[in-house]
Amino acid sequence: YLKYTYGEPPVLISDVPVENVKESLQNVLKANGFLDAKVTSESHPLWWNKNRMKINYTGHLNTPYYLGKITNEISDSNMMKVLRHEREKTLLHSGDRYSLNNLKLERKQIDDTLKSYGYFYFSPDFIIFTGDSTVGGKKINLSRQIPADIDSEERKPWYINNVLVTEKSLED
C-alpha cells in the first residue's frame, strides 16, 4: 500500500537533463566574470550499487574578466548632469571583477537617483550596458547608455510648484 500510494518512480539517468545543468552552471560562471569557463560532466555507477549513478560536474575556470574603462553615453544633458553630480553612488569601478549582478544593481541605482531628481516616468529598462572584451588583458570596457529615442515624458523631470496646506478640524 505505501509503495504505491506514497512512493515515487525511480529517476532514470536518461531523464536527467545533464546538458541543461551544464549550461546553467556555465551561465552562473559567466555572470560572475568567468566568460570563457567550461563545464564538463561525467557519470559513474556507484561501487556499492550498480543500479545507481553519480554525476560529477566540473567547472574549468580561467582568469576572470575585470572592468576597464567605464564611459557614459547619455544623450540627455540634464540626465548627464544629474549622474555626474551623483557619481559617488556608482557601484561600478575600473578594476572591479565583472559581475552581471553589479550591472543589475547599477541600473537600479541609476533609476533611484533619477527618480529622486524628478524623473518619475524613467525606467531601469531604458539603461543599456555594452561591453567590449576585445581590448585584451581580460578587461571589459563598459559603456552605460540611455538612448535618445525614449519618449519625452520619460526624459522629463517633474517639479512640485505650489503646495497648499489647509487646516481641517476633526469636528467638521
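The preceding data block contains the structure.
An account of the accompanying structure is given in this report. Only a predicted model underlies this, so the values are computations on that prediction, with no experimental measurement involved.

Calculation notes
- Residues numbered from 1 in each chain as written.
- Predicted model: local features only at pLDDT ≥ 70, side-chain atom pairs only at ≥ 80, totals over all residues.
- Heavy atoms only, no water.
- Phe/Tyr/Trp six-rings, centres within 6.5 Å; stacked < 30°, edge-to-face > 60°.
- Helix = DSSP H or I, 4+ residues; strand = E, 2+ residues; numbered from the N terminus.
- Buried < 20%, exposed > 50% of the residue type's maximum accessible area, 1.4 Å probe, protein only.
- Pairing = 2+ DSSP bridges.
- Axes fitted to C-alpha atoms, helices over the stretch in contact; angles between N-to-C directions.
- Contact = heavy atoms within 4.5 Å.
- Core = buried A, V, L, I, M, F, W, Y, C linked by side-chain atoms within 4.5 Å.
- Arc of directions from axis to C-beta.
- Polar contact = N/O pair within 3.5 Å; in protein donor to acceptor, adjacent residues only side chain to side chain.
- Salt bridge = Lys/Arg side-chain N within 4 Å of Asp/Glu carboxyl O.

### Section: the packing of aromatic side chains
- Under the defined criterion, the tally for this structure stands at two aromatic pairs.
- A centroid spacing of 5.9 Å and a plane angle of 70° characterise the contact between Y121 and W158, whose relative ring orientation is edge-to-face. On the criterion of sequence distance, the pair formed by Y121 in the loop between α4 (100-116) and β4 (128-132) and W158 in the segment after α5 (152-155) is long-range, its members being 37 residues apart.
- Y121 sits in the exposed class, given a relative accessible area of 52%.
- With centroids separated by 5.3 Å and ring planes inclined at 75°, the aromatic side chains of F122 and F126 adopt a geometry described as edge-to-face. For the pair F122 and F126, a shared accessibility class is recorded, and that class is buried.

### Considerations on the sheet that holds strand β5 (residues 139-146)
- Taken in spatial order, the three strands make up an open sheet running β3-β5-β4, and their pairing is mixed. Strands with a single pairing partner mark the edges of an open sheet, and in this sheet they are β3 (66-74) and β4. Within the sheet, the average angular offset between the axes of one strand and its neighbour, ignoring direction, is 20°.
- Pairing of β4 with β5, which is carried by five bridges, proceeds in the antiparallel orientation. Counted as the bridge partner of I128 is Q145 from β5.
- Contacts between helix α3 (residues 77-85) and the sheet are confined to β3 and β5, with β3 contributing the most and set at about 140° to the helix.
- In the packing of α4 onto the sheet, contacts are made with β4 and β5, and the angle to β5 comes to roughly 30°.

### A closer look at the environment of A37
- With respect to the helices and strands, the residue A37 is situated in the loop between α2 (18-31) and β1 (38-46).
- Judged by relative accessible area, which is 0%, A37 ranks as buried.
- Sequence separation between A37 and N62 is 25 residues; the distance between their C-alpha atoms is 6.3 Å.
- With near-sequence residues (within four places) excluded, A37 lies in contact with Q26, L29, H60 and L61.

### A few points about the nonpolar core
- By size, the foremost hydrophobic cluster in this structure holds 21 residues, and its most contacted members are M79, L114, F122 and I146.
- The set of elements that each furnish at least two residues to this core consists of β3, α3, α4 and β5.
- Not counting chain neighbours up to four residues away, the residues in contact with M79 comprise I74, L114, Y119, F122, I146, E154 and R155.

### Side note on α3
- All buried positions along α3 are accounted for by M79, M80, V82 and L83. Buried residues of α3 fall within an arc of 160° about the axis and therefore sit on the same side. Exposed residues lying more than 90 degrees from the buried face of α3 are K81, R84 and H85.
- Where α3 begins, the capping side chain belongs to D76, and its oxygen is found 3.0 Å from the backbone nitrogen of N78.

### Section: the pattern of salt bridges
- Per the counting criterion, the structure on display carries seven salt bridges.
- The partner of K22 in a salt bridge is E19, with the nearest N and O atoms 3.3 Å apart. Here the residue K22 and the residue E19 both occupy positions in helix α2, the gap between them amounting to three residues, near one helical turn.
- By relative accessible area, which is 17% here, K22 ends up buried.
- Classification of E19 as exposed rests on a relative accessible area of 52%.
- We note a salt bridge from R144 to E106, for which the minimum N-O separation is 2.7 Å. Of this pair, R144 sits in strand β5 while E106 sits in helix α4, and the two are 38 residues apart along the sequence. You'll find R144 and E106 in the same group, each marked buried.

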